[in-house]
Amino acid sequence: MAVAVLMAATSMKTQAQSENYMHLSAGYVITPFNTNFDNDDLLDSPMGLGASFLYGIMLNETGESLEVGLNANYTTSKETYASEKDVFNFVTMSIPINFASQMRINQDWTFQPYVGFYARLNLVAKVKHENDRDHSETYNLFDDEDWRRFQIGANTGFRFKYKNLSFGYLYQHDLMKIVKENGNKARVGTHSINFGVFL
C-alpha cells in the first residue's frame with residue numbers, strides 16, 4: 001500500500017521542493033507490545049511522547065528524497081489491582097532511514113509519504129511495583145539476558161505539509177523480536193501522531 005502511494009506521488013508531474021531540508025516534530029506515541037506473555041496487560045498500550053529530527057537530501061527535481069535522523073520516545077503504562085500497582089516505563093532512541101516522495105496539492109499544501117527502516121536502542125524498560133505498605137521494587141527487564149537492547153525494523157508514514165508546518169502519522173514495526181526466548185513473539189509496534197516544522 002505504502003509503495004503504491006509512493007509510486008503515485010512520483011508519477012505526478014508537479015512542482016516539488018528541490019532543496020535539502022530539516023524537519024523537527026513532536027507528538028503522541030503509543031508502543032503496544034505484540035506478545036504471548038501469560039500476563040501482558042501492562043504491555044498492551046504504553047502511551048507517551050516522542051520527538052524527532054530528520055535531514056532530507058533531495059535526490060532529484062521531482063521531489064524524491066532520502067531522509068536520515070533521530071527519534072526519541074518515552075511511553076508508560078499503569079496497572080492497579082487491589083492495594084498494589086505496577087508502572088512500566090519504556091524509553092527508546094532510533095535512527096530512521098526513509099525514502100520519501102512529494103505530491104503538491106496546491107500552492108500551500110504538500111503530501112509527503114515515506115517508507116524505510118530503523119535501528120533502535122532500547123534505553124529503559126523498567127517495571128515498578130508498589131503496595132499500600134509504602135514498599136516498592138523496581139525491575140529492569142534488561143537484567144534478563146533474553147531481552148534485546150538493540151533492534152531493527154521497518155517504518156512507513158506520511159506528512160501533510162502546510163507551508164513550513166506539518167501534521168503526520170508514523171508506524172514502526174520490529175523485524176527483530178525484543179525477547180529472544182524461543183516461542184515468544186514479542187515485538188513492539190510504534191504508532192505516532194505528530195506535529196512539526198520544516199526548517
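Residues numbered from 1 in each chain as written. Predicted model: local features only at pLDDT ≥ 70, side-chain atom pairs only at ≥ 80, totals over all residues. Heavy atoms only, no water.

A. A look at the nonpolar core. By size, the foremost hydrophobic cluster in this structure holds 14 residues, and its most contacted members are Phe-33, Phe-88, Phe-90, Ala-125, Leu-141, Trp-147 and Ile-178. Of all the elements in the fold, those that place two or more residues in this core are strand E5 (84-100) and strand E7 (109-131). Beyond its immediate chain neighbours, meaning those up to four positions away, Phe-90 contacts Thr-31, Phe-33, Asn-73, Tyr-74, Thr-75, Asn-122, Val-124, Ala-125, Ile-178 and Val-188. Formed by six residues, the second largest nonpolar core is a distinct cluster that contains Met-58, Ala-100, Tyr-114 and Leu-170. (Core = buried A, V, L, I, M, F, W, Y, C linked by side-chain atoms within 4.5 Å. Buried < 20%, exposed > 50% of the residue type's maximum accessible area, 1.4 Å probe, protein only. Helix = DSSP H or I, 4+ residues; strand = E, 2+ residues; numbered from the N terminus. Contact = heavy atoms within 4.5 Å.)

B. Focus on the environment of Phe-90. Among the structural elements, Phe-90 can be located in strand E5. Exposure remark for Phe-90: the relative accessible area of 2% places this residue in the buried category. Expressed as a C-alpha distance, the spacing of Phe-90 and Gly-48, which sit 42 residues apart in the sequence, is 9.3 Å.

C. Representation of empty space enclosed by the protein in the model. Summed over the entire model, instances satisfying the criterion amount to two cavities of 30 Å³ or more. The calculated volume of the largest cavity comes to roughly 210 Å³. Lining the largest cavity are 20 residues, with Ser-25, Ser-52, Asn-71, Leu-170 and Asn-194 sitting closest to its centre. Elements supplying a minimum of two residues to the lining of the largest cavity: strand E1 (21-30), strand E3 (47-58), strand E4 (65-81), E5, strand E9 (150-162), strand E10 (165-174) and strand E11 (187-198). By residue class, the composition of the lining of the largest cavity is seven nonpolar, twelve polar and one charged. Volume-wise, the second largest cavity comes out at about 40 Å³. Here the lining of the second largest cavity is composed, by residue class, of two nonpolar, six polar and one charged. (1 Å grid on protein atoms, 1.4 Å probe; cavity = no way out; pocket = protein on both sides within 12 Å on 5 of 7 lines; lining within 4 Å. Points joined across faces, edges and corners; volume = space filled by probe spheres on them. Nonpolar A, V, L, I, M, F, W, Y, C, P; charged D, E, K, R; others polar.)

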